[in-house]
Amino acid sequence: MKAELSEDGQSFTLTRGAWSNSYPLADLPKWLAFYRKQPLDFPKSGDSYAASIAALEALAARLGQG
């Protein structure tokens, strides 16, 4: 999973394989909270959300939000 900031700094894109989706940068905290909550709500998912969480945390850290 990759989380990349857009060139204009207004959005970020999550990419995993052929799937990708872009979101407003202002929504980064919301999506990070969502992905962090998934393993708690769905413990049978194991570590399937770990890559998403790591990518979003890394982006937040680069932006000074984490």
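Residues numbered from 1 in each chain as written. Predicted model: local features only at pLDDT ≥ 70, side-chain atom pairs only at ≥ 80, totals over all residues. Heavy atoms only, no water.

*Asks:* Before we move on, can you summarise the overall build of the chain with the specific residues and values?
*Replies:* Check the secondary structure of the chain and you find two helices and three strands. Along the chain direction, N to C, the helices and strands of the chain fall in the order β-β-β-α-α. Considering only C-alpha atoms, the chain reaches an extent of 40 × 25 × 15 Å along its principal axes. By residue count, 26% of the 66 residues in the chain fall in the buried class. (Helix = DSSP H or I, 4+ residues; strand = E, 2+ residues; numbered from the N terminus. Buried < 20%, exposed > 50% of the residue type's maximum accessible area, 1.4 Å probe, protein only.)

*Asks:* Provide a residue-level description of the nonpolar core, including the pertinent values.
*Replies:* The biggest cluster of nonpolar side chains holds 14 residues, and the ones touching the most others in it are Ala-3, Phe-12, Leu-14, Leu-28, Trp-31, Tyr-35 and Leu-56. Mapped onto this core, the elements with two or more residues apiece are β2 (11-16), α1 (28-41) and α2 (50-62). The dominant element in this core, judged by the number of residues it contributes, is α2, at five residues. Discounting residues that sit within four places of it in the chain, Ala-3 has contacts with Thr-13, Leu-14, Ala-55, Leu-56, Leu-59 and Arg-62. (Core = buried A, V, L, I, M, F, W, Y, C linked by side-chain atoms within 4.5 Å. Contact = heavy atoms within 4.5 Å.)

*Asks:* Can you explain the packing of α1 against α2? Please cite residues and give values.
*Replies:* Where α1 meets α2, the axes come as close as 9 Å, and the angle between the chain directions of the two elements is 150°. On the basis of the axis angle, α1 is roughly antiparallel to α2. The two elements α1 and α2 meet at a crossing, and its hand is left-handed. Note on element contacts: α2 touches α1 through Ser-52, Ile-53, Leu-56, Glu-57, Leu-59 and Ala-60, opposite Leu-28, Trp-31, Leu-32, Tyr-35, Arg-36 and Pro-39. Per-class residue counts for the contact of α1 with α2 are nine nonpolar, one polar and two charged. (Axes fitted to C-alpha atoms, helices over the stretch in contact; angles between N-to-C directions. Parallel < 35°, antiparallel > 145°, perpendicular 65-115°, else oblique. Left-handed = near helix turned anticlockwise from the far one by under 90°. Nonpolar A, V, L, I, M, F, W, Y, C, P; charged D, E, K, R; others polar.)

*Asks:* Give a description of α1 that names residues and reports values.
*Replies:* In this model α1 runs 20 Å from its N-terminal to its C-terminal C-alpha over 14 residues, within 8% of the 20 Å that 1.5 Å per residue would give. For α1, the complete set of buried residues consists of Leu-28, Trp-31, Leu-32, Tyr-35 and Gln-38. The buried residues of α1 occupy one face: seen down the axis, they fall within an arc of 115°. Seen from the open side of α1, the exposed residues pointing more than 90 degrees away from its buried face are Lys-30 and Leu-40. Packed against the buried residues of α1 are β2, β3 (19-24) and α2. (Expected span 1.5 Å × (residues − 1). Arc of directions from axis to C-beta.)

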